[in-house]
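Commentary on secondary and tertiary structure
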Amino acid sequence: MERIRTKYFGDKAFYKMILAIALPIVVQNLLTNFVAMLDNVMVGKVGTDQMTGVAVVNQLIFVFNLAVFGGMSGAGIFSAQYFGREDHKGVRNVFRMKFIIGLIIIAISLFIFILFHQPLIHMFLHEGGSSGNIAATYDYAKTYLFIMLFSIPPFVVSNCYSTTLKEAGQTAIPMVAGLFAVVIDFVFNALLIFGLLGFPKLGVAGAAIATVLSRFVECGYLMFYTHRHSEKYQFIKGVYRSLYVPMHLVKNIIYRGTPLLFNELLWAAGITMQTQAFSIRGLPTVAGLNIANTINNVVNTAFLTMGVAISIVIGQLLGAGKKQEAKDTDRKMIVCSVLISVGVSAILVTASALFPQIYNTTGEIRYLASHFILVYALAAPFNAFTNASYFTLRSGGKTVMTFIFDSGFIWGINVPLAMILAHFTTLPIVWMFFCISMLDVVKSVIGFILVKRGTWLNIIVE
């Protein structure tokens, strides 16, 4: 019994270390998702068409967000190991590479959203059920999207700073920046969506403006704080004197980072296509999924953040050459993540009957949302394990393996099955959603095998 305890569970110092790293990230993500939930509920109070329009655009922006995450992550595996070696020049070069990647993502994203917004939005708008108006939903979606485009540059720059600080183990600063953004977003949402205190009543446009303002506040705080404390964060000294990055590092980041970037893009696109397959069942499905995703994103923060903590801790241990300690620490962090997810499941089960009642929408949509939340509760432990497995493989630079594990799985199994069920069967949407969600059981088995093999225990920095 003692052997099992020491193998899978850490001591007090271990959990204190995990808490110090993970808690600020959890709080930051929890605040962000909580305000996103409040945004969603506020727009949902205005009407179903408005809520569905915002949900469609957020699904599209989700792909952009994951592209940024993938671009920063590919370079970030080098930052974590450079920090483990206390190589500030190496971190500075990685930061510059992140900035260059970010500029490219900004240009491509704006090009796609401006030129192809109409077909992208219409992908999710289908007749079915008794709720929703397609024309009105499209108009609300277009209005929301074109304002949200202004949030893209500050979001990218914020990620350059916040990811680098997190890879240094400095997770509290991004948390504070997120807190400021949350306050701005919440206050201006209330003022501009409903027209309080003499402000104009702008509905979905107000929600978008509030988000844009919060992005600029978050970005400004991160830049100001990091440069103001350059003695502590030495990588930032002279970072903009040039955008020069040594060619050997560029090649390494491209070699190991490109699979991560494409993985995040393809994974997000896969989730979007999966959602599009669900939307074939009608607008009520999109609205129901939006409600379920809102609460799921908030409570799942607890265990999904453990993946980020794994990439930081394991990356630094590998950079310091401590392979055996990295393997032992990773095993205990995965167990911790799965145990947290069990608590998350209990919260989701409780919320399934109550949370949909908050929305000003139809009984049909509330019914679907409630059952989608129950499915999320069943899938949570498997989702936690696959998430931890992904970040474990990534921390050691096994980016091709993570690409196959993540994007390969969703495009090879999830999307084809969702399309088949949507177009060639009459399976009710709740059972269709259940079948696709529980594919994480299969993915968990694959993740277990890949992690246990230990081929991810690599030192990738010079």
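Residues numbered from 1 in each chain as written. Predicted model: local features only at pLDDT ≥ 70, side-chain atom pairs only at ≥ 80, totals over all residues. Heavy atoms only, no water.

Some remarks on the confidence of the model for the chain
Put simply, the test is: As a per-residue quantity, pLDDT reports the predictor's confidence and falls between 0 and 100. Under the DSSP-based scheme used, a helix requires at least four consecutive residues in state H or I and a strand at least two consecutive residues in state E, with every element numbered from the N terminus.
Summarising the model, the chain shows a mean pLDDT of 85, and 96% of its residues fall at 70 or more. When mean pLDDT is taken per element in the chain, helix H14 (residues 429-437) scores highest with 95 and helix H1 (residues 2-8) scores lowest with 70.

As for unusual backbone geometry
Let me state the cut-off plainly: Burial classes: relative accessible area under 20% of the type maximum marks a residue as buried, over 50% as exposed, and values in between as partly exposed (1.4 Å probe, protein chains only).
One non-glycine residue, leucine 197, lies in positive phi territory at about 55 degrees. Residue position: leucine 197 is located in the loop between helix H7 (172-194) and helix H8 (204-228). Taking the relative accessible area as the measure of exposure, leucine 197 reaches 78% and is therefore exposed.

Points about the side chain of serine 389
Formally: By definition in these notes, contact holds between two residues if any of their heavy atoms fall within 4.5 Å.
Considering the arrangement of structural elements, one finds serine 389 in helix H12 (residues 363-395). Setting aside its immediate chain neighbours within four residues, serine 389 contacts Phe405, Gly447, Phe448 and Val451.

Regarding the packing of H7 against H8
Keep this limit in mind: Fitted lines through C-alpha atoms serve as axes, helices being fitted only where they are in contact, and the angles separating the N-to-C directions of these axes extend from 0 to 180 degrees. Any angle from 65 to 115 degrees is called roughly perpendicular, while one under 35 is roughly parallel, one over 145 is roughly antiparallel, and all others are oblique. When the near helix sits turned anticlockwise from the far one by under a right angle, the crossing is termed left-handed; a clockwise turn instead gives a right-handed crossing. When residue character is reported, Ala, Val, Leu, Ile, Met, Phe, Trp, Tyr, Cys and Pro are called nonpolar, Asp, Glu, Lys and Arg charged, and the others, Gly included, polar.
At a minimum axis distance of 8 Å, the contact between H7 and H8 shows a crossing angle of 155 degrees. It follows from the interaxial angle that H7 and H8 lie roughly antiparallel. When you trace H7 past H8, the crossing you get is right-handed. When its residues are assigned to classes, the contact of H7 with H8 shows 18 nonpolar, 5 polar and 2 charged.

Here we look at a positive patch on the surface
Quick note on the threshold: For patch building, the residue pool is restricted to those with more than 30% relative accessible area and no salt bridge; the joining distance is 9 Å between like charges and 5 Å between nonpolar side chains (Val, Leu, Ile, Met, Phe, Trp, Tyr). Surface exposure here means Shrake-Rupley accessible area, sampled with a 1.4 Å probe, where a residue is shielded only by the protein chains that are shown. Just to be clear on terms, a salt bridge is a Lys or Arg side-chain nitrogen sitting within 4 Å of an Asp or Glu carboxyl oxygen. The convention is simple: Lys and Arg are positive, Asp and Glu are negative, and His and the chain ends are not counted. Here the site of a charge means NZ on Lys, CZ on Arg, CG on Asp, or CD on Glu.
Residues Arg3, Lys7, Lys327 and Lys452 make up a contiguous surface patch of positive charge. Counting through the fold element by element, arginine 3 comes out in helix H1.

Some thoughts on the packing of aromatic side chains
Under the convention used in this document: Note on aromatic pairs: the rings of Phe, Tyr and Trp (six-membered ring only in Trp) are paired at centre separations within 6.5 Å, and the planes decide the class, stacked below 30 degrees, edge-to-face beyond 60, tilted for the rest.
All told, the structure shown has 17 aromatic pairs when counted by the stated rule. Ring geometry for tyrosine 390 versus phenylalanine 391: centroids 5.2 Å apart, planes at 85 degrees, classification edge-to-face. Assessed through its relative accessible area of 5%, tyrosine 390 is described here as buried. On the accessibility criterion, phenylalanine 391 (5% relative accessible area) is buried. Between the aromatic rings of tryptophan 431 and phenylalanine 434, the centroid separation amounts to 5.7 Å while the plane-to-plane angle is 75 degrees, which identifies the pairing as edge-to-face. Remark: phenylalanine 434 and tryptophan 431 occur in helix H14; sequence separation between them is 3 residues, near one turn of the helix.

Remarks on the nonpolar core
Here is the rule we go by: Nonpolar core, defined: a set of buried Ala, Val, Leu, Ile, Met, Phe, Trp, Tyr and Cys residues in which side-chain atoms within 4.5 Å join the residues together.
Counting residues in hydrophobic clusters, the biggest one holds 90 residues, and the most contacted among them are Phe64, Ile121, Tyr144, Phe235, Ile314 and Met333. Examining the composition of this core, we find that 13 residues originate from one element, helix H3 (residues 48-84), more than from any other. Phenylalanine 235 has contacts with Phe83, His88, Val91, Arg92, Phe95, Thr164, Leu165 and Thr226, leaving out every residue within four places of it along the chain. Counting 42 residues, the second largest nonpolar core, distinct from the first, contains Met37, Ala277, Phe409 and Phe433.

Some thoughts on empty space enclosed by the protein
As a reminder of what qualifies: The method works on a 1 Å grid over the protein atoms by themselves. A cavity is a set of points holding a 1.4 Å probe that cannot get out, a pocket is an open set with protein on both sides within 12 Å along at least five of seven lines, and residues with an atom within 4 Å of a point line them. Grid points are joined across faces, edges and corners, and a volume is the space filled by probe spheres set on the points.
Tallied over the full model, the rule gives 3 cavities of 30 Å³ or more. Within this model, the second largest cavity holds a volume of roughly 50 Å³. Lining the second largest cavity are Ile61, Phe64, Asn65, Met148, Leu149, Ser151, Ile152, Phe155 and Arg215. Contributions of two or more residues to the lining of the second largest cavity are made by H3 and helix H6 (152-167). The greatest single-element share of the lining of the second largest cavity, amounting to 3 residues, is contributed by H3. The class makeup of the residues in the lining of the second largest cavity is 6 nonpolar, 2 polar and 1 charged.

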